[in-house]
Amino acid sequence: MLQEQRRDSKGEKYVIGPTGAKLTLNDLPPPGTERWVIRRKAEVVSAVRGGLLSFDEACERYRITSEEFLGWQKAIDSHGMAGLRTTRIQQYR
């Protein structure tokens with residue numbers, strides 16, 4: 001599910017994030033993030049789908065494998081944000 005990329009009044013690119021708020025590159029988790037909560041994972045997936053980051057840029061920036069990112073994306077597509085919960089992963093397989 002791709003999102004439409006938009007620009008605000010300053011010309012900054014943004015997409016609508018998983019919480020319904022505007023999401024820019026500055027709003028994304030910092031590079032090198034190690035603690036991945038549901039919201040952060042969903043923000044990165046939204047950014048890639050909206051074109052703020054490319055798939056390769058996201059994997060490099062966050063030092064995640066392509067399989068890990070694709071797993072996040074599949075979990076969101078199949079079960080929504082709840083599918084990203086690592087404590088309930090067996091329920092969503």
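Here, the structure is the one placed above.
Residues numbered from 1 in each chain as written. Predicted model: local features only at pLDDT ≥ 70, side-chain atom pairs only at ≥ 80, totals over all residues. Heavy atoms only, no water.

(A) Quick look at helix H1 (residues 38-50). Helix length check: H1 (13 residues) gives 18 Å between terminal C-alpha atoms against 18 Å at 1.5 Å per residue, within 8%. Among the 13 residues of H1, 10 are classified as buried, and the element is accordingly described as predominantly covered. For H1, every residue scored as buried is listed here: Lys41, Ala42, Glu43, Val44, Val45, Ser46, Ala47, Val48, Arg49 and Gly50. In the core, the buried residues of H1 are packed alongside strand E2 (13-16), strand E3 (22-23), helix H2 (55-62) and helix H3 (66-79). Phi turns positive, to about 85 degrees, at Gly51, one or two residues after H1. (Helix = DSSP H or I, 4+ residues; strand = E, 2+ residues; numbered from the N terminus. Expected span 1.5 Å × (residues − 1). Buried < 20%, exposed > 50% of the residue type's maximum accessible area, 1.4 Å probe, protein only. Contact = heavy atoms within 4.5 Å.)

(B) Quick look at unusual backbone geometry. The backbone of Arg63 shows a phi angle near 50 degrees, a positive value even though the residue is not glycine. With respect to the helices and strands, Arg63 occurs in the loop between H2 and H3. What makes Arg63 exposed here is its relative accessible area of 60%.

(C) A look at H3. The terminal C-alpha atoms of H3 lie 20 Å apart, and with 14 residues this matches the ideal 20 Å at 1.5 Å per residue to within 8%. For H3, the complete set of buried residues consists of Phe69, Trp72, Ala75 and Ile76. Within H3, the buried residues cover an arc of 120 degrees as seen down the axis, which keeps them to one side. When the buried face of H3 is taken as reference, the exposed residues oriented beyond 90 degrees from it are Glu67 and Lys74. Looking at the buried side of H3, the elements it contacts are H1 and H2. One or two steps after H3, the chain reaches Gly80, where phi turns positive at roughly 75 degrees. (Arc of directions from axis to C-beta.)

(D) Looking closely at the sheet that holds E2. Strand order in the open sheet formed by three strands is E1-E2-E3, and the pairing between neighbours is antiparallel. Looking along the sheet, the strands with just one partner apiece sit at the ends: strand E1 (6-7) and E3. The sheet contact formed by E1 and E2 spans two bridges and is antiparallel. Opposite Arg6, over in E2, you have Tyr14 as the bridge partner. (Pairing = 2+ DSSP bridges.)

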